[in-house]
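# Descriptive analysis of the structure
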Amino acid sequence: MFDLYGFGDLLLAGTWMTIRLILSILVFGLVLGMIGAGAKLSRFRVLNLMAEVFTSIVRGIPELILILGIYFGGTVAINNLLSALGYDGYLEINPFAAGVVALGTAYGAYATDVFRVSIQSIPKGQVEAARAMGMPGTLIFRRIVLPQVWVVALPALGNLFLVSQKDSALVSVIGLQEIMRASAFAVRYTKKPFTFYLVAAFIYLGLAVVTTVGIQYFEKRTGRGLRRE
Amino acid sequence: MDFALMLTSIPDLLRGSIITFELVGLSMLLGMILAVPLALMRVSHRLWFFVPSYAYIFFFRGTPLLVQIFLVYYGLSQFDQIKGSMLWPFLREPYWCAIIAFTLNTAAYTGEILRGAILAIPHGQIEAAKAMGMSRFLLLRRIIAPQALVLALPGYSNELILLLKGSALASTITLLELTGITRKIIAETYKPFELFLLAACIYVLITFVLTRIFNWVEHHYTAYRRPPEEMEAQG
């Protein structure tokens, strides 16, 4: 086992921060992905076009640029807005919030197409039948569409979540005390960069393994009504 | 919005883009060289081939690229043997550290893509080739490689775009590629909004061009899948 030079607690706190961060990113991204898929499948051409532009642009921007842009650009934009409104204090965006918005947006852009494809995979007849039964739109979505979309989308959403987990390390660049930042702190005091970054790597590997097992459990559970060929 | 600053920063950012291209191009080539044996080891049934390649791919796909860069750039200096070695002049440079980290990372992803492509080749073809008495190398060169490389193209183009986006991380080890130059100009002018927007546009543009090139290459090499009338219509 590694000798953690008394920095074990700090790394544990960092891990907890990373877990909170990635779960918030997941929620933000799932909601955004649903909205995006709704826009892509909408009857209105303007919404289709907006969603298309949004996903193709966000997919081309490095996550680091998204994080730095939202954190620093957002801070400047908010302060300009505030001074225009006559408020002369200085506000700084919280790095946690900036990380959630930036990586949640990236997750949402990829999840949009996952949801779109899953919704399209549901036979049209089912929705027509539900409508013929007199179900309102929201009920159709909740009872017919959503439970099936979930099954189809889960593996891809899980993979995207694994990507977000790894990208969450980038939020350390704007000062959030997560795993990487905690490791960098320990490195500064111990001068053992290899040891601590390797420990960080293994924490991420551990998180990835837990997530993978979790996804497999959910896949089995949600897919239990499905016939297997 | 400071459009004048955006306009005057374009030449600097384009100079940064050249370094980004170098990083991506070199890592892509070196990564491919490493990925081929990795993929072959990964599909092997022999334990001492399979296990090391599996562990390698598991580690590099399961950990953040940022950790990998820091392990190479900051981590290696922990060992006096490395500091004393002939390689140290290279390993001290952020440029080579970034290339080493990107190469090791992309090799793992590419290896996994190639493995999928190799496994997608119908087994009967391989059995037939063996029955004809082809040697292993000939089988690889004539039957597996030409088909697997085409099958791997869509996955590989995705990986290349991820590598391009990942190359922005080189700025965290003080390298002045596209993101690094952008951050440097922001530190001097404090106009983060304008400059990150400009950098984002350049990245999106590069992604767009790369995607187009790959679509064209894929279209070209999958001609055999299209019906003959369509090919005749194209001339």
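Above this text sits the structure in question.
The present account deals with the structure reproduced in this document.

Criteria and cut-off values
Residues numbered from 1 in each chain as written. Chains lettered and ligands numbered in written order. Predicted model: local features only at pLDDT ≥ 70, side-chain atom pairs only at ≥ 80, totals over all residues. Helix = DSSP H or I, 4+ residues; strand = E, 2+ residues; numbered from the N terminus. Buried ≥ 20, exposed ≤ 12 C-beta atoms within 10 Å, placed from the backbone. Contact = placed C-beta atoms within 7 Å. Nonpolar A, V, L, I, M, F, W, Y, C, P; charged D, E, K, R; others polar. Core = buried A, V, L, I, M, F, W, Y, C linked by C-beta atoms within 7 Å. Axes fitted to C-alpha atoms, helices over the stretch in contact; angles between N-to-C directions. Parallel < 35°, antiparallel > 145°, perpendicular 65-115°, else oblique. Left-handed = near helix turned anticlockwise from the far one by under 90°.

A word on the overall build of chain A. Helix and strand content of chain A: eight helices and zero strands. Ordered by position from the N terminus, the helices and strands of chain A form the series α-α-α-α-α-α-α-α. Across its three principal axes, chain A shows a C-alpha extent of roughly 70 × 55 × 25 Å. Burial status across chain A gives 38% buried among its 229 residues. Summarising the internal contacts of chain A: among those between residues at least 6 apart in sequence, 77% fall at separations of at least 24.

A positive phi is found at Lys191(A), a non-glycine position, where the angle reads about 60°. Within the element layout of this structure, Lys191(A) appears in the loop between helix 7 (179–190) and helix 8 (193–222). Of the residues examined, Lys191(A) has 10 C-beta atoms within 10 Å and is grouped as exposed. One non-glycine residue, Tyr190(B), adopts positive backbone phi at about 50°. By the element assignment, Tyr190(B) lies in the loop between helix 9 (178–189) and helix 10 (192–221). Residue Tyr190(B) is classed as exposed on the basis of its 10 C-beta neighbours within 10 Å.

A separate point is the interface of chain A and chain B. Across the contact, 30 residues belong to chain A and 27 residues belong to chain B. If you list the elements that add at least two residues to the side of chain A that touches chain B, you get helix 2 (45–60), helix 3 (63–84), helix 7 and helix 8 of chain A. Residues that form the side of chain A that touches chain B fall into these classes: 23 nonpolar, four polar and three charged.

Within the largest apolar cluster, 110 residues are counted, with the highest numbers of intra-cluster contacts made by Ile67(A), Ala200(A), Val67(B) and Ile69(B). Of all the elements, helix 6 (residues 94–119) of chain B adds the most residues to this core, at 14 residues. Apart from the residues within four sequence positions on either side, Ile69(B) is in contact with Cys97(B), Ala98(B), Ala101(B), Leu169(B), Thr172(B) and Ile173(B).

The next subject is the environment of Ala129(A). With respect to the helices and strands, the residue Ala129(A) is situated in helix 5 (residues 124–132). Along the backbone, Ala129(A) and Ile140(A) are eleven residues apart, and their C-alpha atoms lie at a distance of 9.8 Å.

Glancing now at the packing of helix 8 (residues 136–166) of chain B against helix 10 of chain B. All names here are of chain B. It is at 10 Å that the axes of helix 8 and helix 10 come closest, and there the two elements cross at 170°. As summarised for this structure, helix 8 and helix 10 are arranged roughly antiparallel, according to the angle between their axes. Across the interface between the two elements, Val150, Leu153, Pro154, Ser157, Leu160, Ile161 and Leu164 of helix 8 pack against Ile206, Thr207, Leu210, Thr211, Phe214, Val217, Glu218 and Tyr221 of helix 10. Counted by class, the contact of helix 8 with helix 10 contains eleven nonpolar, three polar and one charged residues.

Further remarks concern the packing of helix 1 (residues 3–43) of chain B against helix 10 of chain B. Residue and element names in this part refer to chain B. Where helix 1 meets helix 10, the axes come as close as 10 Å, and the angle between the chain directions of the two elements is 45°. Classified by the angle their axes make, helix 1 and helix 10 are oblique. The element helix 1 and its partner helix 10 pack so that their crossing is right-handed. Residue-level contacts link Leu5, Met6, Ser9, Leu13 and Ser17 of helix 1 to Glu194, Leu195, Leu198, Ala199 and Ile202 of helix 10. Residues belonging to the contact of helix 1 with helix 10 are distributed by class as follows: seven nonpolar, two polar and one charged.

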